[in-house]
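# Chain and residue survey
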Amino acid sequence: NPYDYPYEMVVYADVKVRGAAPTDGMKIGAFYGTQLRGTGEWIEHKNIKLMQFRIYSSYSGNAESGERIRFYCYEKDSLMLKRFSENLYFDGETHGSLKEPFKLTIP
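Residues numbered from 1 in each chain as written. Predicted model: local features only at pLDDT ≥ 70, side-chain atom pairs only at ≥ 80, totals over all residues. Heavy atoms only, no water.

## Here's the deal with the pairing of strand β4 (residues 48-57)
Pairing between strand β1 (residues 7-17) and β4: seven bridges, direction antiparallel. When the bridges of β4 are listed, V11 appears paired with F53. In the sheet, strand β3 (residues 35-45) pairs with β4 via six bridges, with the strands oriented antiparallel. For G40, the partnering residue across the bridge sits in β4 and is F53. With antiparallel pairing between neighbouring strands as the criterion, β3 and β4 make up a hairpin whose turn holds two residues, including K46 at a positive phi of roughly 50°. (Pairing = 2+ DSSP bridges. Helix = DSSP H or I, 4+ residues; strand = E, 2+ residues; numbered from the N terminus.)

This is how it looks when you write it as structure tokens:
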């Protein structure tokens, strides 16, 4: 229910899975615990592809007490779910930018 999650955080990310951009067979999601709170969508700015996440929460707190958002990659072909090294705390702010995106990596 969208009314249960009125707060939003935006992340502009440079996403790499084993050194390359995710393929069409991969979906990238932002989770709080087992709850999917947002998915990555490709955007392009000045010929640079980035992934934009809109992450939703019922919480409006700050980084110290917010929900820890973890990022996962789901590979459809292998049915594997892998976690990215980085995470964020929900704070209702924008993380990364078009010029300096947040880095998400799976080695």
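Having put the structure on the table, let's press on.
## Considerations on the layout of surface pockets
The computed volume of the largest pocket comes to approximately 150 Å³. Lining the largest pocket are T23, D24, M26, K27, I28, T39, G40, E41, W42 and M51. Put simply, the parts of the chain that give the lining of the largest pocket at least two residues each are β2 (26-32) and β3. Per-element tally for the lining of the largest pocket: the top contributor is β3, with four residues. (1 Å grid on protein atoms, 1.4 Å probe; cavity = no way out; pocket = protein on both sides within 12 Å on 5 of 7 lines; lining within 4 Å. Points joined across faces, edges and corners; volume = space filled by probe spheres on them.)

## What about the pattern of salt bridges?
Counted by the stated rule, this structure contains five salt bridges. Residue E8 is joined to R54 by a salt bridge in which the shortest nitrogen-to-oxygen separation is 3.3 Å. Residue E8 is found in strand β1, and its partner R54 is found in strand β4; the two are separated by 46 residues along the sequence. A salt bridge links R37 to E67, with the shortest nitrogen-to-oxygen separation between them at 2.8 Å. With a gap of 30 residues between them, R37 in strand β3 and E67 in the loop between β4 and β5 (68-75) connect regions that are remote in the sequence. Take R37 and E67: they sit in the same class, and that class is buried. (Salt bridge = Lys/Arg side-chain N within 4 Å of Asp/Glu carboxyl O. Buried < 20%, exposed > 50% of the residue type's maximum accessible area, 1.4 Å probe, protein only.)

## Notes on unusual backbone geometry
Unlike most non-glycine residues, R18 shows phi in positive territory, near 50°. By the element assignment, R18 lies in the loop between β1 and β2. In this model, K46 sits at a positive phi of 50°, which is unusual for a non-glycine residue. Within the secondary structure, K46 is located in the loop between β3 and β4. For K46, a relative accessible area of 69% gives the class exposed.

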